[in-house]
2 protein chains.
Amino acid sequence: MNPDISRERENASFNVEILTNILDGGVEKTRRRREIESLVISDPDFQHEDLNFLSRSERYDAAVRKSAQMILKLREYGISDPEEIYSYKSVAKGVYHEPFGVHYVMFMPTLNSQCTTEQRKKWIPLAESFHMLGTYAQTELGHGTHIRALETTATYDPSTQEFVLNSPTISSIKWWPGGLGKTSNHAIVLAQLYTQGKCHGLHAFITPIRSMKTHMPLPGVVVGDIGPKFGFDEVDNGYLKLENVRIPRENMLMKYAKVEPDGTYVKPPSDKLTYGTMVFIRSMIVGESARALSKSCTIAIRYSAVRHQSELRPGEPEPQILDYQTQQYKLFPLLATAYAFHFVGQYMSKTYHRISGDINQGDFSELPELHALSAGLKAFTTWATNAGIEVCRMSCGGHGYSRCSSLPDIYVTFTPTCTYEGENTVMMLQTARYLVKSYKQARAGQQLTGIVSYLNEPQNRIQPHSVSYRPTVVSINDLASLVEAYKFRASKLVEMAAKNLQAELQHSKSNEDAWNNSSIDLVRASDAHCHYVVVKLFEAKLSEIGDTAVHSVLSTLALLYALHGVAQNTGDFLQAGLLSVPQLTQISQRLKDLLSQLRPNAVALVDAFDYRDEMLNSVLGRYDGNVYEHMFEWAKKSPLNHTEVHESYHKYLKPLQSKL
Amino acid sequence: MNPDISRERENASFNVEILTNILDGGVEKTRRRREIESLVISDPDFQHEDLNFLSRSERYDAAVRKSAQMILKLREYGISDPEEIYSYKSVAKGVYHEPFGVHYVMFMPTLNSQCTTEQRKKWIPLAESFHMLGTYAQTELGHGTHIRALETTATYDPSTQEFVLNSPTISSIKWWPGGLGKTSNHAIVLAQLYTQGKCHGLHAFITPIRSMKTHMPLPGVVVGDIGPKFGFDEVDNGYLKLENVRIPRENMLMKYAKVEPDGTYVKPPSDKLTYGTMVFIRSMIVGESARALSKSCTIAIRYSAVRHQSELRPGEPEPQILDYQTQQYKLFPLLATAYAFHFVGQYMSKTYHRISGDINQGDFSELPELHALSAGLKAFTTWATNAGIEVCRMSCGGHGYSRCSSLPDIYVTFTPTCTYEGENTVMMLQTARYLVKSYKQARAGQQLTGIVSYLNEPQNRIQPHSVSYRPTVVSINDLASLVEAYKFRASKLVEMAAKNLQAELQHSKSNEDAWNNSSIDLVRASDAHCHYVVVKLFEAKLSEIGDTAVHSVLSTLALLYALHGVAQNTGDFLQAGLLSVPQLTQISQRLKDLLSQLRPNAVALVDAFDYRDEMLNSVLGRYDGNVYEHMFEWAKKSPLNHTEVHESYHKYLKPLQSKL
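A quick note: this is a predicted structure, and the numbers were derived from the prediction, not measured.

### Section: the interface of chain A and chain B
Tallying the contact residues gives 144 residues for chain A and 144 residues for chain B. At the boundary of chain A with chain B, the tally comes to six salt bridges. At the boundary of chain A and chain B, one finds 68 residue pairs in polar contact (both at pLDDT 80 or more). Its residues assigned to classes, the side of chain A that touches chain B comprises 59 nonpolar, 50 polar and 35 charged.

Pasting the structure below:
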């Protein structure tokens, strides 16, 4: 153990295990999670070379092997609880994804929710035994977020009782689905349904794409890998071009909409029913943000505790870089953010399950709020995390740029969350739509419920033109007061956006133009709303914590999160009259105090996330802090070191020298 | 040609060629640059497969081949002007680097500046004929920016008149030098010089590391590749461990310091002499920022002109995504930044050459300012560009994540500039040191010259406590007035930082602690200073532009750059009393107007950067806008598509299915 990092642990003011239990949701959950993680760590089948040393094809190969192993082992161990499966896979996959990801996350759930009883009987056993390997083919080369514009067609032919699937244009080629390129033999294809000469919009069709015997592409199916990406090397994101591919009528998922044998189209009873999966996945992504950021903080903070650099005092040894105020200023607000997002993730997951229960009993009343919240928070947390991972990486200096730090892998694996499952700006605008609607209802005297109820509160506290004449409302040392300030800031920005939208409506050709011309303000309002929710949930979490020492350190983190957010957005708070100019100086000073206060607990706070070395896969983030010797060991395994002299020397350098 | 993008070009209000000439520095420079670029583009030897389809070893191989080819061809064509070499290589290398990079940028210049006449005679011809392939080995596993702490030792042995080089610890292993792993046969090693029992600090030693005949590592030399990184796959960044490696006394670079045969150490006359290279490289990086950002903007804006998505008006076709206000708000400020940085790069390069002339004549007076400016602007421009490239990538939705967009490559190739040649935070603090010193001189009544002369101006305009009682000083439609506002903001933040530092000195144990405890404020002051310089240089450039239409569009860009910066930092401007709260609303509105104003010229503005398709290597950024068909063509070449059925199917999937 590196003595620097041991000392850090000795100096912590709280019991790390208690905090880990809080993060897990209880002592027993921590115990069971660790038990499951150990199954992988002690399993010789999961020992493998660093994927960074392999070619893309080898990485894909290794990932398929691992997916197959995980299926067999989870059955062998009898692990079936989703959370436990998650724990198991988290270790086995490390920071990477698996080619079967879409099979689990989209293919199976869609079958489960949209099959008729007949269809279930036929398809579910095949999917569960992986004889059907499935993906979900929605996005097309020319069409993403706006799914109504998808071009793939499924035309019903009553003479054979088949659908004929086609990709009529280049831009209609299915593009991006994970596992589509090489792994899957079936795809749920989203296509415009044509029957009896009429288009009925998008429907889902189970489409065989490869032979279940030979795995060769079926006639009319042009399928392949879309090529290398920023990350996701292990996953065969694919393309799919359909040329008069015929599938039986029964392959349309018909739990809701139907096509009768004669081609008669039967409408679905409600369109809210397919709403849930999307909301669920977005809520899950909030948790993924917390995990990616907490992993990155773990690596950067542990490394900062063992890395020494420059001098603070002449003649003395180089200090740990964690002692530099600028380093603390980079990392501790992110650490606070990781905790904040963890608690928001817990809240979203709990809320989703509660509302799911209601929905199953026919009560949709809370769905719009959850929909708006999951959209906005997905964008808010992924954007913050995306930028935060890179701050962590760069805070490790040059070594963060090495793949051995794992930070490049964390980044490239995480960054697509800003785009997939709803592009972030589009998500923010969806939330804004809900906020503006709620604002109007509040103005109309309606009593709002849930998180947006603050829009009911009197706006007269916010008078931008009289800033300096009113007492400031914020006490910067009081978290509750800061939560209020965030609330009024959100309220103010929602009001501004709504008013700008109203003003635009008077000049614009259409509602849509007015919306577009206000969209910068609308995104800003959503952002402020989400920020408020995060601060509020962090504060709420504190009240659940009994242990005094843990409560104290988390309170410091919460205050840092809230104050740092104010410091990054002082214009908003000044404009809303929530801050006075002299307070800005106090905030700067207070932030510095909080950094110093957190300094002795920084390593313990990342230890509490409890990522095993096998999960971080980072030389810089090692628990024992023995960074340099392991970097050297790792480097020696680089493929370029397999020979002392690279063949390019004989091919190009020697001939070059002989010519000069 | 895609009709969308043709229409964009037809609608531009200015002549693109005129703007290109301005960017190049004249009509003749444009002509010659294009001529040189065409040499590569028409050269069949430079046609190659996309590097993204190759393994790391293949990429390195291809890069060595290309480096060797470039050397021969440049000689063949007789191209020797550094700018022309740069143009040639820009096309040949695309967004990548070459393994010989450090040979050109550090090894050769160091030989040139630090060899004695004798040494020049011996080494320069060998280096110029590439019989010596060199790198510059400074950074160690445990030591980066703070080079005084380097641990490698060179101990003089008068009995054999040799230096004995050693890496005494793991943390002393040389780490990161480009071309060190496999390519180089010599390294200039920075080591602590010991002679006659005394350490004389760092000196440079020409150290043979591989046989010039067989390329095998020499005895006592442990050398290799440091393993895969975020990017720079083509470059063999290496490690070097020296175990009693003996080199002749003459291998110490002795133009300034010397070791006599008997071991007597002779001090160098001045330590300013080695200052220049660093300043030069940092100035160059400012230009690299402009190039990376302008390439990214070219890709994102062209793609946004041909990509259609969602609907603005019901029933109408999907609009170009460039019509979305949120998309414009992401991209146009970055476009303005790319132009701003281009002009700053031109200024830095000009200033460097002017001051170099002075230095050669013994006049060092302007060096400190240039040093401070190049450090701060290097950090300011690389940070902004680093974040900006990712905004461009994500603004292209999912397709930005594909390697075919080239944006991932641009990012991973660029991002090390935030770390190398002086870590950005350290750079900002160096600039701050100069600013604080200048501030104190100004307070002491000294008349400052150069860019910091604003610190001489009366501070009484800035009275934070009386914001609302004073008229606002900024006219938000007037660039000159905004430049003033940036100046006063910088002035204010320098003052605040200096005062905080002063206050800290009263509590702190040492100057160094006080400095550390003020470093957040100091970085902020440097940032504001650099921001001011950029806005000021952009404004200054406008006065040189004769063409009315070009002047008009660049003025709009400059105003957007300045106002966007104000909007991102409203707290500072409010705090300094430079803005009033009601102006914030006006700024938001004005920004929207500027976005609309730029919209018709966006494509023309990126066309003016004049990057040939071969240089961008981006399917999304194609000049002809024919994106989708070329994405499909590109994907088909993915190595995973070499077989229809990947071997992993037979190895893992079939066996899995048979077990379930």
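### Some details on a nonpolar patch on the surface
Residues and elements named next belong to chain A. Taken together, the side chains of Tyr-86, Phe-280 and Met-284 make up a nonpolar region of the molecular surface, amounting to roughly 230 Å² of accessible area. Inspection of the secondary structure puts Tyr-86 in helix H5 (residues 82-93). In this structure Tyr-86 comes out as partly exposed when scored by relative accessible area, which is 30%.

### Here we look at the relation of the copies chain A and chain B
Here chain A sits on chain B after a turn of 180° about the axis and a move of 0.0 Å along it, with an RMSD of 0.0 Å. In short, the pair behaves as if placed about a two-fold rotation axis. Of the C-alpha atoms belonging to chain A, the one lying closest to the rotation axis is found on Gly-571 of chain A, 2.1 Å away. Both copies present the same face, since 100% of the interface residues in chain A are matched by interface residues at the equivalent positions in chain B.

### Some points on the sheet that holds strand S8 (residues 238-242) of chain B
Strands pair in a sheet through their backbones, by hydrogen bonds, and they do so in one of two ways: parallel or antiparallel. Spatial strand order, S4-S8-S7 (chain B): three strands in an open sheet with antiparallel pairing. The two strands at the open ends of the sheet, each matched to only one other strand, are strand S4 (174-175) and strand S7 (221-225) of chain B. For S7 of chain B and S8 of chain B, the ladder comprises five bridges, and the chain directions are antiparallel. Residue pairing across strands places Val-222 of chain B opposite Lys-241 of chain B, the latter belonging to S8 of chain B. Lying on the sheet, helix H21 (residues 627-636) of chain A is in contact with S4, S7 and S8 of chain B; it crosses S8 of chain B at an angle near 115°.

### What about the packing of helix H3 (residues 27-41) of chain A against H5 of chain A?
Helix-helix packing is described using two parameters, namely the angle between the two axes and the distance between the axes. Residues and elements named next belong to chain A. Running from N to C, H3 and H5 point in directions that differ by 40°, and their axes come no closer than 8 Å. Classified by the angle between their axes, H3 and H5 sit oblique to one another. Viewed along their axes, H3 and H5 form a crossing whose handedness is right-handed. Residue-level contacts link Lys-29, Arg-32, Arg-33, Ile-36, Glu-37, Leu-39, Val-40 and Ile-41 of H3 to Glu-83, Glu-84, Ser-87, Tyr-88, Val-91 and Ala-92 of H5. A class-by-class count of the residues in the contact of H3 with H5 yields seven nonpolar, one polar and six charged.

Parameters at a glance
- Residues numbered from 1 in each chain as written.
- Chains lettered and ligands numbered in written order.
- Predicted model: local features only at pLDDT ≥ 70, side-chain atom pairs only at ≥ 80, totals over all residues.
- Heavy atoms only, no water.
- Contact = heavy atoms within 4.5 Å.
- Salt bridge = Lys/Arg side-chain N within 4 Å of Asp/Glu carboxyl O.
- Polar contact = N/O pair within 3.5 Å; in protein donor to acceptor, adjacent residues only side chain to side chain.
- Nonpolar A, V, L, I, M, F, W, Y, C, P; charged D, E, K, R; others polar.
- Patch = residues over 30% accessible without salt bridge, like charges linked within 9 Å, V, L, I, M, F, W, Y side chains within 5 Å.
- Areas by Shrake-Rupley, 256 points an atom, 1.4 Å probe, with all protein chains shown as cover.
- Helix = DSSP H or I, 4+ residues; strand = E, 2+ residues; numbered from the N terminus.
- Buried < 20%, exposed > 50% of the residue type's maximum accessible area, 1.4 Å probe, protein only.
- Least-squares fit on C-alpha atoms with pLDDT ≥ 70 in both.
- Pairing = 2+ DSSP bridges.
- Axes fitted to C-alpha atoms, helices over the stretch in contact; angles between N-to-C directions.
- Parallel < 35°, antiparallel > 145°, perpendicular 65-115°, else oblique.
- Left-handed = near helix turned anticlockwise from the far one by under 90°.

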